[in-house]
Amino acid sequence: MTSLAALRPRLPSPLQEIEDDRFAGRGIRLLLKRDDLIHPELIGNKWRKLAPNLAAAAGRTVVTFGGAYSNHLRATAAAGRLLGLPTVGVVRGQELADRPLNPSLGRCTADGMRLHFVDRSTYRLAADPETLTAVLRAAGAEGAYVVPEGGSNALAVRGCHALGEELRGQADVVALACGTGGTLAGLAAGLAPDQRALGVPVLRGGFLTAGIQALQARAFDGPRGTWRLDERFHFGGYARTTPELDDFAADFEDRHGLPVERLYVAKLLYGLVALAAEGAFARGTTIAAVVTGRPFP
């Protein structure tokens, strides 16, 4: 097993109370679970999901998947550099191979990750064993340890169980933005029976419920915890924002002196403000919002 001692995570992550009249005026406490402070390069849920997979890789090359702006690819590349593990990133979009690298992919290569671009139809089928074998062969990574897109597999879900455990007794509702759903699947399982988890998907499509159920089945042999999703706050889909969301995030930063990552955290906080205004939370409710990342670069 690979030792992760060199990564020196800050665990448990801090819990910070925020005074915001949009919540306080309705009798609601808002806490921020600062998972963005776990590690300077393996930020937030990336640490919780990657750590068990890096240990399981046992020194082998790690292959994983993501889009051109994937936080997961960057975190995997950084971990590879810090631990001396070779990494390969399979990137969605063959057309990107002939273009200059964007800052996100540029960071990956600077950290030693070798990028392999595939067309989008192949990428969609990467979970199929035959397709995966062909992709690994083409990438020169046969025999590598494979981590799925977003890092969400049974090991990762069990790794996120600790997030729920850290929040037991701290809040009535624990909320976070969701990409692939692995963090929510583990978080909900780790919470106490009287707590509930709320997920704010950042992608369109309404597919996450089935995905989270499947992840819990693989990780825990069945459903765990109380959770639900609110699909209204994706702002057009992954890696998309709007002027309204940007203005909201800038205002939150001004109010609280906290950098707000736009693709996940801003959508979560916007959703919580909207839900509070709708009366979705009873007076006396304590909400813990999980800050899973910070702005890049």
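The following refers to the structure shown. (Residues numbered from 1 in each chain as written. Predicted model: local features only at pLDDT ≥ 70, side-chain atom pairs only at ≥ 80, totals over all residues. Heavy atoms only, no water.)

### Some thoughts on the packing of aromatic side chains
- If you walk through the whole model with that rule in mind, you get six aromatic pairs.
- Their ring planes at 75° and their centres at 5.3 Å tell us that Phe248 and Tyr270 sit as a pair that is edge-to-face. Here the residue Phe248 occupies a position in helix α10 (residues 243-256), and Tyr270 occupies one in helix α11 (residues 265-277), the gap between them amounting to 22 residues. Accessibility assignment for this pair places Phe248 and Tyr270 in one class, buried.
- Joined through ring pairs, the aromatic side chains of Phe233, Phe235, Phe248, Phe252 and Tyr270 make up one cluster. (Phe/Tyr/Trp six-rings, centres within 6.5 Å; stacked < 30°, edge-to-face > 60°. Helix = DSSP H or I, 4+ residues; strand = E, 2+ residues; numbered from the N terminus. Buried < 20%, exposed > 50% of the residue type's maximum accessible area, 1.4 Å probe, protein only.)

### Details of the sheet that holds strand β9 (residues 227-229)
- Read from one edge to the other, the open sheet built from six strands follows the order β1-β2-β10-β7-β8-β9, with strand pairing classed as mixed. Each having just a single partner strand, β1 (15-18) and β9 make up the two edges of the open sheet. The sheet shows a mean angle of 25° between the axes of neighbouring strands, direction not considered.
- Sheet topology note: the strand β2 (residues 29-33)/strand β10 (residues 286-290) ladder contains five bridges and is parallel. Bridge assignment links Leu31 to a residue of β10, and that residue is Ala288. (Pairing = 2+ DSSP bridges. Axes fitted to C-alpha atoms, helices over the stretch in contact; angles between N-to-C directions.)

### Some details on the packing of helix α8 (residues 182-190) against helix α9 (residues 208-220)
- It is the contact of α8 with α9, at a shortest axis distance of 9 Å, that shows an interaxial angle of 55°. The orientation of α8 with respect to α9, classified from their angle, is oblique. The handedness of the crossing between α8 and α9 comes out as right-handed. Within the contact between the two elements, α8 uses Gly182, Leu184, Ala185, Gly186, Ala188 and Ala189 and α9 uses Ile212, Leu215, Gln216 and Phe220.
- Grouping the amino acids of the contact of α8 with α9 by side-chain chemistry returns seven nonpolar, three polar and no charged. (Parallel < 35°, antiparallel > 145°, perpendicular 65-115°, else oblique. Left-handed = near helix turned anticlockwise from the far one by under 90°. Contact = heavy atoms within 4.5 Å. Nonpolar A, V, L, I, M, F, W, Y, C, P; charged D, E, K, R; others polar.)

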